[in-house]
Amino acid sequence: MDNPRTVTIVGFMTCDSDILIAGGGLNGPSLALALADGGLNVTLVDAAPDGARETQGFDGRCYALALASQRLFQAIGVWPLLDGNAQPILNVKVTDGRAGEGPGPFVMGFDHAEIEEGPTGYMVEDRFISGALREAVERHPLITKISDAKAISQQVDGAIVTVGLDDGTSHTTRLLVGADGRGSGVASRAGIKRNGHSYHQTAVVCSVAHEKPHNATAHQFFMPDGPLAILPLPGDHSSIVWSTSDDTAARLAGLSDDDFMEELRPVFGDFLGDISLSGVRLTYPLSLSLAEHFVKDRLALVGDAAHGVHPVAGQGLNLGLRDVGALAEVVIEARRRGEDFAAVDVLARYEQWRRWDTTVMSAGMDGVVRLFSNDNPILRAARGMGLGIVNALPTLRRNFIREAAGLTGDLPKLMQGRQI
Amino acid sequence: MQATPSENSTTFDADEVAKFEAMAAEWWDPNGKFKPLHMLNPCRLDYITRQIAAEFDRDLNDTLPFKGLRILDIGCGGGLLSEPMARLGADVIGADAAAGNIPVAQAHARQMGLEIDYRNCLAEDLAEAGEVFDVVLNMEVIEHVADPQAFLNACKTLLKPGGLLLCSTINRNPKSFAVAIVGAEHIMRWLPKGTHDWKKFITPDELVELIKNAEIEPVDRKGFVFNPLLWSWSISDRDLSVNYVTASVNRA
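Residues numbered from 1 in each chain as written. Chains lettered and ligands numbered in written order. Predicted model: local features only at pLDDT ≥ 70, side-chain atom pairs only at ≥ 80, totals over all residues.

Looking at an unreviewed UniProt entry, chain B carries the name Ubiquinone biosynthesis O-methyltransferase, with the source organism given as Halocynthiibacter styelae. Within the UniProt record for chain B, the comment given under Pathway (unreviewed entry) is "Cofactor biosynthesis; ubiquinone biosynthesis." The UniProt entry for chain B carries the following text under Sequence similarities (unreviewed entry): "Belongs to the methyltransferase superfamily. UbiG/COQ3 family." (UniProt positions renumbered as here; feature names shortened; annotations may be inferred.)

Chain A goes by UbiH/UbiF/VisC/COQ6 family ubiquinone biosynthesis hydroxylase in an unreviewed UniProt entry, where it is assigned to Halocynthiibacter styelae. In the Sequence similarities (unreviewed entry) part of its UniProt record, chain A is described as follows: "Belongs to the UbiH/COQ6 family." Chain A has a UniProt comment under Cofactor (unreviewed entry) that states "FAD".

*Asks:* Describe in detail the overall build of chain A, supporting the description with residues and values.
*Replies:* The helix and strand tally for chain A stands at ten helices and 21 strands. Counting over 420 residues, chain A shows a buried share of 52%. The contacts in chain A between residues at least 6 apart in sequence include a share of 74% that link residues at least 24 apart. (Helix = DSSP H or I, 4+ residues; strand = E, 2+ residues; numbered from the N terminus. Buried ≥ 20, exposed ≤ 12 C-beta atoms within 10 Å, placed from the backbone. Contact = placed C-beta atoms within 7 Å.)

*Asks:* Describe the sheet that holds strand E4 (residues 133-139) of chain B, and please don't skip the residues or the numbers.
*Replies:* All names here are of chain B. In space, the eight strands of this open sheet follow the order E3-E2-E1-E4-E5-E8-E6-E7, with mixed pairing throughout. Looking at the sheet topology across the chains shown, the edges are occupied by strand E3 (117-119) and strand E7 (232-236). When strand polarity is set aside, the average angle formed by the axes of neighbouring strands in this sheet is 20 degrees. Relative to strand E8 (residues 243-249), strand E6 (residues 217-227) runs antiparallel, the two being bridged by seven bridges. Residue pairing across strands places Arg-221 opposite Thr-246, the latter belonging to E8. Along the sheet, helix H2 (residues 35-55) makes contact with E4, strand E5 (159-170), E6, E7 and E8, crossing E7 at roughly 30 degrees. Helix H8 (residues 204-213) contacts E5, E6 and E8 of the sheet and is inclined by roughly 20 degrees relative to E8. (Pairing = 2+ DSSP bridges. Axes fitted to C-alpha atoms, helices over the stretch in contact; angles between N-to-C directions.)

*Asks:* Talk me through the sheet that holds strand E6 (residues 87-89) of chain A; I want residue IDs and the actual numbers.
*Replies:* Residue and element names in this part refer to chain A. Taken together, three strands build an open sheet; the order of strands is E5-E9-E6 and the sheet is antiparallel. Every interior strand has two partners, whereas the edge strands, strand E5 (62-66) and E6, have only one. Going across the sheet, the axis of each strand differs from the next one's by a mean of 30 degrees, ignoring polarity. Here three bridges tie E6 to strand E9 (residues 121-125), and the two strands are oriented antiparallel to one another. In the strand pairing of E9, Pro-88 is matched with Tyr-122. The strands that helix H2 (residues 67-75) touches are E5 and E9; relative to E5, the one it contacts most, it runs at about 90 degrees.

Next comes the structure, spelled out in structure tokens:
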């Protein structure tokens with residue numbers, strides 16, 4: 001494998017890289033690009049073989065990229081490599097439904113025309129984002145990528161971290177970033193505990209082709225078993241995220257494709273005409289997992305390694321990209337000042353920035369899921385009224401749209417479409 | 001050759017130096033006695049790095065933007081400013097009148113992998129030895145010296161032609177008394193009581209006059225403002241009421 005080693009020199013001490021990122025999913029490469037654009041040498045360690053993430057079926061998920069996330073991808077040069085495969089979301093409709101009856105009456109809708117910033121977001125398949133990130137990473141002269149390898153040890157000594165990989169090599173760096181998901185090995189080796197619980201729900205994910213055009217509209221049906229999201233993809237296709245009880249999901253997984261579609265059709269309804277399965281079906285158990293700390297001396301966590309949330313509203317990746325924007329901004333600005341960017345008091349700025357936002361978001365989504373995932377008639381009435389009230393109030397509606405577009409809170413510069 | 005502070009010099013104040021020796025080990029604890037300095041540091045560094053970059057036409061996005069610049073950090077303490085300057089590529093001399101600060105600063109620099117020449121000496125010792133610098137940092141020092149004019153005259157000798165002097169201190173008015181003495185030392189206990197002597201504080205106009213008398217040309221002044229709601233410092237064009245900083249150039 002071709003891994004030219006970059007060497008950074010500060011005083012008389014040398015390191016293989018300024019920053020080593022463990023995790024080659026979506027947040028890891030995005031962070032590598034943002035940091036390398038700021039002049040830092042980055043080593044990116046990916047457990048998957050090179051190119052594997054782009055094969056269909058590796059990860060059949062689609063992402064609802066918030067507008068702020070799209071801007072970040074634009075700022076790090078990734079967006080032009082994937083926008084041909086992105087479907088803008090122009091409208092969002094939220095409906096309270098009941099299994100076997102199809103969607104209930106329309107109760108709340110968002111239209112991108114109500115905010116001036118443009119589409120609320122874009123739908124893109126995981127493989128296209130992965131492909132675009134791989135291409136941008138390969139092109140960047142300051143990033144060294146090591147594929148098919150996992151970090152298995154880490155040792156902090158003064159200002160240097162030595163990271164051991166399962167291919168037998170070891171690498172020195174100034175800052176180790178764990179972008180290695182909710183089971184983060186980087187976090188557990190650093191003694192960072194996690195809090196969380198299972199939702200006892202599983203997401204069933206697939207794509208469908210449909211007769212009628214989706215008109216760039218995303219739908220969220222709150223069903224007693226859990227939410228069903230129908231998200232527009234390029235062409236007459238939509239992505240389905242059907243969150244349901246673990247038992248129901250297990251039963252659905254055991255069905256043939258035809259039997260599965262017989263179950264889906266009544267839930268989905270007929271507003272897009274006849275639907276047919278397109279590609280593979282995948283299941284993801286849903287749980288909340290929050291790291292007690294996002295940083296330690298010489299160490300930071302981003303994305304699911306810091307906070308794995310319920311994927312309702314597709315906020316998982318969007319939250320992760322906010323981490324990317326915030327951490328890159330803190331580190332690059334610290335380096336420009338000559339600060340020790342891996343010192344815990346510098347990294348604490350990132351944690352302070354992201355911790356509150358993340359806690360509010362996960363608590364909020366937790367509440368939404370609990371409120372909507374049941375069949376209690378009183379709660380059903382309250383839900384309908386709540387959605388109706390939001391629908392009736394333009395200011396509140398705009399705030400919902402801006403929240404969904406990721407435009408609220410203290411936005412990192414990259415998410416405002418600015419360079420750091 | 002190691003210089004030692006000349007105890008009979010005009011800028012040496014024995015009581016002030018002893019005060020800081022007692023605190024030396026605390027320099028690098030971000031939550032210790034120097035917490036306000038750690039909190040102020042990013043803001044000070046923003047000002048310092050931008051002024052140096054502008055004066056010497058350097059790009060802060062470069063890996064070692066200050067390569068080739070010789071920088072003196074007067075009153076370097078534990079090295080809170082010396083280390084960032086060295087990290088940006090400068091050749092740094094850190095000078096402190098308190099001998100106890102030197103081993104603390106040296107040990108920390110070694111741990112960080114930085115080469116910095118720390119010396120237990122005064123500004124005027126270096127001036128007498130004929131040392132000259134592109135940049136002289138004189139941050140939160142002048143309010144602690146016995147004779148500010150003599151001190152700034154020594155700074156003038158230390159500057160190369162075209163050299164930059166950055167000098168920050170605390171204003172003298174009822175607000176600065178309330179914030180820096182009553183607030184920081186007595187209420188918040190951020191600083192040990194007696195760290196500052198309010199009578200030694202200097203107003204911006206007085207400082208500019210002292211700098212001009214030393215034949216250095218003031219080119220910029222800004223305020224460092226603490227926002228208790230955001231719990232952070234920022235640079236202000238207008239508010240120089242408590243902490244402030246000046247940039248001056250040695251034209252000849």
